[in-house]
Amino acid sequence: MEGHSDKLLQAQTHILHHTFSFINSMSLKSAVDLCIPDVIHKYGQPMPLSVLISSLPIHPSKSTFIYRLMRILTHFGFFSQHKNELEVSYELTDASRLLLKDHPFSVTPLMQLILDPILLRPHQYSNWLKNDDLTPFEMEHGVAFYDYVGQDPKLNDLFNDAMASDARLVSIMVIEKFEGVFKGLESLVDVGGGTGTMAKAIAKSFPQLDCIVFDLPHVVAGLQGGYDNLKYVGGNMFEAIPPANSILLEWILHNWNDEECVQILKKSKEAITREGKVIIIDMVMENEKEDNESIETKLFFDLQMMVLFAAKERNENEWAKLIFSAGFTNYKITPVLGLKSLIEVYP
Ligand SMILES: C[S@@+](CC[C@H](N)C(=O)[O-])C[C@H]1O[C@@H](n2cnc3c(N)ncnc32)[C@H](O)[C@@H]1O
Ligand SMILES: O=c1cc(-c2ccc(O)cc2)oc2c(O)c(O)ccc12
């Protein structure tokens, strides 16, 4: 009987732990909104709690609550703390350094996008599962995700900044680790290339490669290459993709269902000139060698794609099915980009 009640209590704790998990996200967002990582960074040495409190834009009546926020974030590894007999001081960790606003690979824009109420609200999706609305996002907002982004300049900027911050890190890794992937190629279209962060890095590192950033007209309107071998073209990838030796699809296919992915891949195949290839950068689920945090993060991404697009993250079998359905003959997966993999696809 004693063992039974222990199990019940453990199960209750498990449920409460998951139920309260939103407190992790919201505490992190509150700290970033108050610029706590930047304030500690600027101080340049372990920052005593009292100095931190007096440096923050908070009401004096709220001073005592900052310790509580710092305590939970320290527990989850966002700050480290040192105690002496007088008080506690805080320092940044690797994770909070990546939240600094001026860090070249700052994750802050991604965090602000993911936790924006416009993206958060559709996560109450049990009703969507009971009706025939296309996506939870459309059920909540009445339009598809990219149409909403196109009509809301603030969200458009937030989305493009978030994608660019991720692309900055991915582009450095791709170019460093996969130089060979681009060797021998003459031209490249970065389909859904956003504001061009990835294509700019490729154009700079491979001056012989003619690069095009291809995205929806409102995304590329008014943008200019800055390199002789880079230009922007607006259009719709479901209609036609500009011809090139290689087609890059980074973070594209996880936004679409299987039928739509096959259409995009077929349009990519039509666009390939001579002996070219499609280069996909996206997630591959169910890699057995992964640690638990990576597995869970991929599962979160999968549900984010379901909520925004009724789309999904895919395992290798699901990728292979799409690739062969679109008429390609071979593919090679290289799983070394953190959460993402590089998939080369051959006609
Ligand atoms: C998730 S973002 C990826 C951006 C970029 N590839 C990156 O990795 O940072 C998807 C991109 O696809 C673009 N997109 C959506 N629908 C499109 C369409 N029909 N034709 C061309 N681009 C489209 C969006 O505007 C957005 O920039
Ligand atoms: O809400 C998101 C978040 C991402 C995302 C998060 C973290 C990364 O390192 C990269 C990307 O990507 C998204 C995306 O591709 C999309 O089309 C919609 C929403 C999000």
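Since the model is a prediction, treat every value here as computed from it, not as a measurement.

Moving on to the site of ligand 2. For ligand 2, the set of nearby residues contains 16 residues, the closest of which are Tyr146, Asp166, His254, Asn255 and Gln304. Between an oxygen atom of ligand 2 and a side-chain N or O atom of His254, the distance comes to 3.1 Å. Coverage of ligand 2 by the protein chains reaches 92% of its 430 Å² of free accessible surface. Counting residues per element, the ones that place at least two in the shell around ligand 2 are helix H7 (108-114), helix H11 (153-177) and helix H16 (292-309).

Next up on the list: the UniProt feature "domain: O-methyltransferase dimerisation" (unreviewed entry) in the chain. The UniProt entry lists residues 16-102 under the feature "domain: O-methyltransferase dimerisation" (unreviewed entry), expressed in the numbering used here. With 53% helix and 14% strand, the stretch residues 16-102 has end C-alpha atoms that lie 36 Å from each other.

What follows covers the pattern of salt bridges. Going through the model one piece at a time under the given rule, you end up with 12 salt bridges. Ionic pairing is found between Glu344 and Lys277, a salt bridge with its closest N-O pair at 2.9 Å. Of this pair, Glu344 sits in strand E11 (residues 340-346) while Lys277 sits in strand E8 (residues 272-285), placing them 67 residues apart in sequence. A relative accessible area of 6% places Glu344 in the buried class. A salt bridge links Lys332 to Glu344, with the shortest nitrogen-to-oxygen separation between them at 3.9 Å. Here Glu344 lies in strand E11 and Lys332 lies in strand E10 (residues 330-337), a separation of 12 residues in the sequence. For Lys332, a relative accessible area of 46% gives the class partly exposed. Via salt bridges that share partners, Asp258, Lys312, Arg314 and Glu318 belong to a single interconnected network.

What follows concerns helix H3 (residues 36-43). Looking at H3, one finds that the buried residues are Ile36, Pro37, Asp38, Val39 and Ile40. One or two steps after H3, the chain reaches Gly44, where phi turns positive at roughly 80°.

For any pair of aromatic rings, the description consists of the separation of the ring centres together with the inter-plane angle of the planes. What the rule picks out here adds up to 12 aromatic pairs. Relative to Tyr148, the ring of Phe137 lies with its centre 5.6 Å away and its plane at 85°, an arrangement referred to as edge-to-face. One end of the pair, Phe137, is in helix H9 (residues 136-141); the other, Tyr148, is in helix H10 (residues 145-151), and 11 residues separate them in sequence. Of the residues examined, Phe137 reaches a relative accessible area of 0% and is grouped as buried. By relative accessible area, Tyr148 is classed as buried at 18%.

Attention shifts here to the site of ligand 1. In the neighbourhood of ligand 1, 19 residues make up the surrounding shell, with Gly192, Asp215, Asn236, Met237 and Glu250 lying closest. Take Met163: an N or O atom from its main chain is 3.4 Å from an oxygen atom of ligand 1. With respect to ligand 1, the backbone of Glu250 contributes an N or O atom lying 2.8 Å from a nitrogen atom. Across the complex, the protein chains shield 95% of the 590 Å² of accessible surface that ligand 1 would expose by itself. Per-element accounting of the shell around ligand 1 gives the leading share, three residues, to H11. When its residues are assigned to classes, the shell around ligand 1 shows 11 nonpolar, six polar and two charged.

Moving on to the nonpolar core. Ranked by size, the top nonpolar core spans 30 residues in total, and within it Ile247, Leu249, Leu265, Val278 and Ile280 carry the most contacts. Looking at this core, the elements that each hand over two or more residues are strand E4 (187-191), strand E5 (210-215), strand E7 (244-250), helix H15 (258-271), E8, helix H17 (316-325) and E11. For Val278, the residues in contact, after removing those within four places along its chain, are Ile247, Leu249, Leu265, Ser268, Ile272, Phe328, Ile343, Glu344 and Val345. Within the second largest apolar cluster, 25 residues are counted, among which are Ile40, Leu49, Met70 and Leu115.

The next point concerns the UniProt feature "active site" (unreviewed entry) in the chain. Within the UniProt annotation, "active site" (unreviewed entry) is assigned to His254. Of note, His254 is situated in the loop between E7 and H15. Among the residues examined, His254 registers a relative accessible area of 4% and is labelled buried. Once residues within four sequence positions are removed from consideration, His254 is found in contact with Asp282, Phe301, Met305, Ala311, Lys312, Glu313 and Arg314.

Another point: the sheet that holds strand E2 (residues 79-83). Two strands in a sheet stick together by hydrogen bonds in their backbones, pointing the same way (parallel) or opposite ways (antiparallel). The three strands are arranged E1-E3-E2 in an open sheet whose pairing can be described as antiparallel. Only two strands of the sheet have a single partner each, and these edge strands are strand E1 (47-48) and E2. As paired elements, E2 and strand E3 (residues 88-92) share five bridges and run antiparallel to each other. Paired with Ser80 across the strands is Glu91, a residue of E3. Sheet strands in contact with H3 are E1, E2 and E3, and its direction is about 100° off that of E3.

With 99% of its residues at a pLDDT of 70 or more, the chain shows a mean pLDDT of 94. With a pTM of 0.92, the predicted complex shows an ipTM of 0.96.

The next subject is the packing of H15 against H17. The contact between H15 and H17 brings their axes to 8 Å, and the two run at 50°. In terms of orientation, H15 and H17 fall into the oblique class. Crossing handedness for the pair H15 and H17: right-handed. Only Leu322, Ile323 and Ser325 of H17 make contact with H15, whose side of the interface consists of Asp258, Cys261, Val262, Leu265 and Lys266. Taken together, the residues that form the contact of H15 with H17 break down as five nonpolar, one polar and two charged.

Rules used throughout
Residues numbered from 1 in each chain as written. Chains lettered and ligands numbered in written order. Predicted model: local features only at pLDDT ≥ 70, side-chain atom pairs only at ≥ 80, totals over all residues. Heavy atoms only, no water. Near = heavy atom within 4 Å. Polar contact = N/O pair within 3.5 Å; in protein donor to acceptor, adjacent residues only side chain to side chain. Areas by Shrake-Rupley, 256 points an atom, 1.4 Å probe, with all protein chains shown as cover. Helix = DSSP H or I, 4+ residues; strand = E, 2+ residues; numbered from the N terminus. UniProt positions renumbered as here; feature names shortened; annotations may be inferred. Salt bridge = Lys/Arg side-chain N within 4 Å of Asp/Glu carboxyl O. Buried < 20%, exposed > 50% of the residue type's maximum accessible area, 1.4 Å probe, protein only. Phe/Tyr/Trp six-rings, centres within 6.5 Å; stacked < 30°, edge-to-face > 60°. Nonpolar A, V, L, I, M, F, W, Y, C, P; charged D, E, K, R; others polar. Core = buried A, V, L, I, M, F, W, Y, C linked by side-chain atoms within 4.5 Å. Contact = heavy atoms within 4.5 Å. Pairing = 2+ DSSP bridges. Axes fitted to C-alpha atoms, helices over the stretch in contact; angles between N-to-C directions. pLDDT = per-residue confidence, 0-100. Parallel < 35°, antiparallel > 145°, perpendicular 65-115°, else oblique. Left-handed = near helix turned anticlockwise from the far one by under 90°.

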